[in-house]
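Understanding the architecture of this molecule
In case you want the letters, here they are:
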Amino acid sequence: MNTRSESVARGRDAPISRSLIVISCLLGPLLVYAQIPDFNGVWIGAQGSRVLPAPQPGPRGGGERMRPQLTSEARQIQEDYDLLTDDPGYECSPSSISRSWANPTPIEIEQQDGIVILRYEFMDVVRMVYLDGRNHSGAPSNVVGNSSGRYDGATLVIDSVGFTPSYISTVTGIPQTETLRAAERLTLSEDGQSFQLEITFEDPATFLSPWTTRRTYVRAPDLELLEFGCVLEDAGYEDFPERTP
């Protein structure tokens, strides 16, 4: 008697169980998608914000912004660097991902299925961040590297390799070599109106220890990217107007 009752009960519960499975299958992808932070749109460095070294732990528990600890070879390159003649910008080169982010011009982020596209007005740079886990082995090297990414909660994590020689900083002459690895973390604020960019540079040819910089960006819906249109004959230093949203 009990066995028959239990069998009947299981039979009644079966449609409910199947319904729950169907609902879970339908909602699963939506729940995953909802966890992806929305970086879509145009951004610009927050007013008064600039690229700064991240605070390092101090001897008394405080923090101070540390200059990069360079190898002797990198220090020599830095000492020989002349901003007025060695800046890659004279060759219409963006120089590095650091300079692309630091320039006071808009940046557009477009999120697609399996890829994030970063468009910088500066030097018309376009970066493709692939989310499929590729390691870029065999991909041609370039000045802004080859990038793979993933989402970690409210953060877009970008790992880049495959750089060509240049300068990470064209102001201080910090060199960029083929062995550079850059890790970018874009962390969206709770209201979705700003994000903090953190870039960690690791390169045994340049740094004695990893060097991290940070900057804050805000949405700029009223701005659009213009063509930078660098021309070799006209390349040089100009006073860029401060663009704010």
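In this text the structure is predicted, and so the values were computed from the model without any measurement.

This part covers the overall build of the protein. Of regular secondary structure, the protein possesses 4 helices and 14 strands. Put simply, the protein has 245 residues, and 38% of those count as buried. When the accessible surface of the protein is split by element, carbon and sulfur atoms take 52% of a total near 14400 Å².

In this section: the packing of aromatic side chains. In this structure the tally under the stated criterion is 10 aromatic pairs. Ring centres of Trp 101 and Tyr 120 lie 5.2 Å apart, and the angle between their planes is 85°; on these two criteria the pair is classed as edge-to-face. Note that Trp 101 is positioned in helix α4 (residues 97-102) and Tyr 120 in strand β6 (residues 115-120), a separation of 19 residues in sequence. Judged by its relative accessible area of 1%, Trp 101 falls in the buried class. Looking at Tyr 120, the relative accessible area reads 2%, which means it is buried. Here the aromatic residues Phe 39, Trp 43, Trp 101, Tyr 120, Phe 195 and Tyr 217 are joined through ring pairs into a cluster of three or more.

Counted according to the given criterion, the structure contains 1 disulfide. There is a disulfide in this structure between Cys 92 and Cys 230, and the S-S distance comes to 2.1 Å. Across the S-S bond of Cys 92 and Cys 230 the torsion is about -75°, and the bridge reads as left-handed. Of this pair, Cys 92 sits in the loop between α3 (83-86) and α4 while Cys 230 sits in the segment after β14 (211-219), and the two are 138 residues apart along the sequence. By relative accessible area, which is 21% here, Cys 92 ends up partly exposed. You can call Cys 230 partly exposed: its relative accessible area is 27%.

Another point: the environment of Phe 228. The topology assignment puts Phe 228 in the segment after β14. For Phe 228, a relative accessible area of 23% gives the class partly exposed. Each C-alpha atom of the pair Phe 228 and Phe 122 lies 6.0 Å from the other, and the pair is 106 residues apart in sequence.

Glancing now at the pairing of strand β12 (residues 181-188). Across the two faces of β12 the burial differs, with Ala 182, Glu 184, Leu 186 and Leu 188 buried and Arg 181, Ala 183, Arg 185 and Thr 187 not buried at all. Taken together, the 6 bridges between strand β9 (residues 155-161) and β12 define a ladder with antiparallel strand orientation. Paired with Ser 160 across the bridge in β12 is Ala 182. Following β12, the chain reverses through 5 residues before pairing antiparallel with strand β13 (residues 194-202); Gly 192 in that reversal takes a positive phi of roughly 75°.

Calculation rules
- Residue positions are counted from 1 within each chain, in the order its sequence is given.
- Confidence filtering applies because this is a predicted model: local features only for residues at pLDDT of at least 70, side-chain atom pairs given and counted only at 80 or more, and all residues used for totals across whole chains, interfaces and linings.
- Excluded from the side-chain calculation are hydrogens and water; included are all heavy atoms of the structure.
- Labels follow the DSSP assignment, with helices taken as runs of H or I lasting at least four residues and strands as runs of E lasting at least two, numbered in each case from the N terminus.
- Burial here depends on accessible area, computed with a 1.4 Å probe over protein chains only, as a share of the maximum for the residue type. Under 20% is buried, over 50% is exposed, and the range in between is partly exposed.
- Exposure was quantified through the Shrake-Rupley algorithm and a 1.4 Å probe, taking into account, for residues, occlusion by the shown protein chains and nothing else.
- Between rings of Phe, Tyr and Trp, where Trp is taken as its six-membered ring, a pair exists when centres lie within 6.5 Å; planes separated by under 30 degrees are stacked, by over 60 edge-to-face, and by other angles tilted.
- Counting rule for disulfides: a pair of cysteine sulfur atoms within 2.5 Å.
- Pairing between strands is defined by DSSP: at least two bridges between the two strands are required.

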